Amino acid sequence: MGSFWDVWTNKNDFITGYSFTLLVEGVTNVPLRSVKAFKREAEYDMIQEGGVNDYVHLRRKGVTKPFTFQVERYADTSLVLETLPVGYEAVLPMILMVYNGTDITSNMPIRTYAFTGAVVMAKEYGELNSERSGLLTETVTIAYRELMCINTDFDKYLNMFGITSTSKSQ
């Protein structure tokens, strides 16, 4: 085991971006094909002081448009009702769980994104083409109020203090 500094500066702590799922209402795991890049951006007013030309003051503006992210999933017939219908307002945060590896059933997520105040704003159904085979996809646009990013690689933090975890990790 390395020193405390070695654990924090390990260059192999990159997260793979191909194993993820969306947890809706704390019960339903929605498998996803892809998640479009999402960002949270604040708007600012630029105020220039009279006689001072070197810089401007930045003051945060109120939110004028909702924060959104898009998920793409394959259409399925496993449920009678849609999981994410247009207009659906989640009571609990929608949780995007990212795993390091392919076996999401036995591993803890390595990073978790929690979207509070989530509302399904739009749904786009993929192209149907009789000349090309493929699975039907749905692209769901979800608005949210707050985004929290949580690193959940507990094994890394336990190893810093010389504790070995009993969970299966890769």
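Above this text you will find the structure in question.
Summary of the structure given here. (Residues numbered from 1 in each chain as written. Predicted model: local features only at pLDDT ≥ 70, side-chain atom pairs only at ≥ 80, totals over all residues. Heavy atoms only, no water.)

Regarding the overall build of the protein chain
- The number of helices and strands found in the protein chain is two helices and eleven strands.
- Each helix and strand of the protein chain, placed in order from N terminus to C terminus, yields the pattern α-β-β-β-β-β-β-β-β-β-β-β-α.
- The contacts of the protein chain with a sequence gap of at least 6 include a subset with a gap of at least 24, amounting to 66%.
- In the structure as shown, the protein chain presents an accessible area of about 11,900 Å², 55% of it carried by carbon and sulfur atoms. (Helix = DSSP H or I, 4+ residues; strand = E, 2+ residues; numbered from the N terminus. Contact = heavy atoms within 4.5 Å. Areas by Shrake-Rupley, 256 points an atom, 1.4 Å probe, with all protein chains shown as cover.)

Describing a nonpolar patch on the surface
- Taken together, the side chains of Tyr-44, Met-46, Val-56 and Leu-58 define a hydrophobic patch exposed on the protein surface, amounting to about 430 Å² of accessible area.
- Along the chain, Tyr-44 falls in strand S4 (residues 44-47). (Patch = residues over 30% accessible without salt bridge, like charges linked within 9 Å, V, L, I, M, F, W, Y side chains within 5 Å. Salt bridge = Lys/Arg side-chain N within 4 Å of Asp/Glu carboxyl O.)

Some remarks on the sheet that holds strand S8 (residues 111-116)
- Taken together, five strands build an open sheet; the order of strands is S2-S1-S7-S8-S11 and the sheet is antiparallel. Each edge of the open sheet is held by one strand with a lone partner, namely strand S2 (28-31) and strand S11 (146-151). Direction aside, the axes of adjacent strands within the sheet are offset by 20° on average.
- For strand S1 (residues 20-24) and strand S7 (residues 94-98), the ladder comprises four bridges, and the chain directions are antiparallel. (Pairing = 2+ DSSP bridges. Axes fitted to C-alpha atoms, helices over the stretch in contact; angles between N-to-C directions.)

Focus: the sheet that holds strand S3 (residues 34-35)
- The sheet built from four strands is open, its strands ordered S3-S6-S10-S9 with antiparallel pairing. On the outer flanks of this sheet lie S3 and strand S9 (119-125), each paired with one strand and no other.
- The sheet contact formed by S3 and strand S6 (residues 67-74) spans two bridges and is antiparallel. Directly across from Val-35, in S6, lies its bridge partner Val-71.

Here we look at the side chain of Thr-112
- Within the secondary structure, Thr-112 is located in strand S8.
- Apart from the residues within four sequence positions on either side, Thr-112 is in contact with Ile-95, Leu-96, Met-97, Met-148, Cys-149, Ile-150 and Thr-152.

Some points on unusual backbone geometry
- Not every positive phi belongs to a glycine, and Glu-25 is a case in point at roughly 55°.
- The partly exposed category is assigned to Glu-25, whose relative accessible area is 21%. (Buried < 20%, exposed > 50% of the residue type's maximum accessible area, 1.4 Å probe, protein only.)

Some remarks on the packing of aromatic side chains
- Going through the model one piece at a time under the given rule, you end up with seven aromatic pairs.
- When the ring of Phe-69 is compared with that of Phe-115, the centres are 3.9 Å apart and the planes differ by 15°; the resulting orientation is stacked. With Phe-69 in strand S6 and Phe-115 in strand S8, this residue pair connects regions lying 46 residues apart in the sequence. Judged on exposure class, the residue Phe-69 and its partner Phe-115 are both buried.
- Of the aromatic side chains, those joined through ring pairs into one cluster are Phe-38, Phe-67, Phe-69, Tyr-113, Phe-115 and Tyr-144. (Phe/Tyr/Trp six-rings, centres within 6.5 Å; stacked < 30°, edge-to-face > 60°.)

Regarding the nonpolar core
- Formed by 20 residues in total, the largest nonpolar core has its most connected members in Leu-22, Leu-32, Leu-84, Met-94, Leu-96, Phe-115 and Ile-142.
- Secondary-structure elements contributing two or more residues to this core are S1, S6, S7, S8 and strand S10 (137-144). (Core = buried A, V, L, I, M, F, W, Y, C linked by side-chain atoms within 4.5 Å.)

Describing the side chain of Glu-138
- Mapping Glu-138 onto the fold places it in strand S10.
- Taking the relative accessible area as the measure of exposure, Glu-138 reaches 9% and is therefore buried.
- Side-chain polar atoms of Glu-138 contact the side chain of Lys-123, separated by 3.5 Å.
- Look past the residues within four positions of Glu-138 in its chain and what remains in contact with it is Val-71, Glu-72, Arg-73, Ala-75, Lys-123, Glu-124 and Tyr-125. (Polar contact = N/O pair within 3.5 Å; in protein donor to acceptor, adjacent residues only side chain to side chain.)

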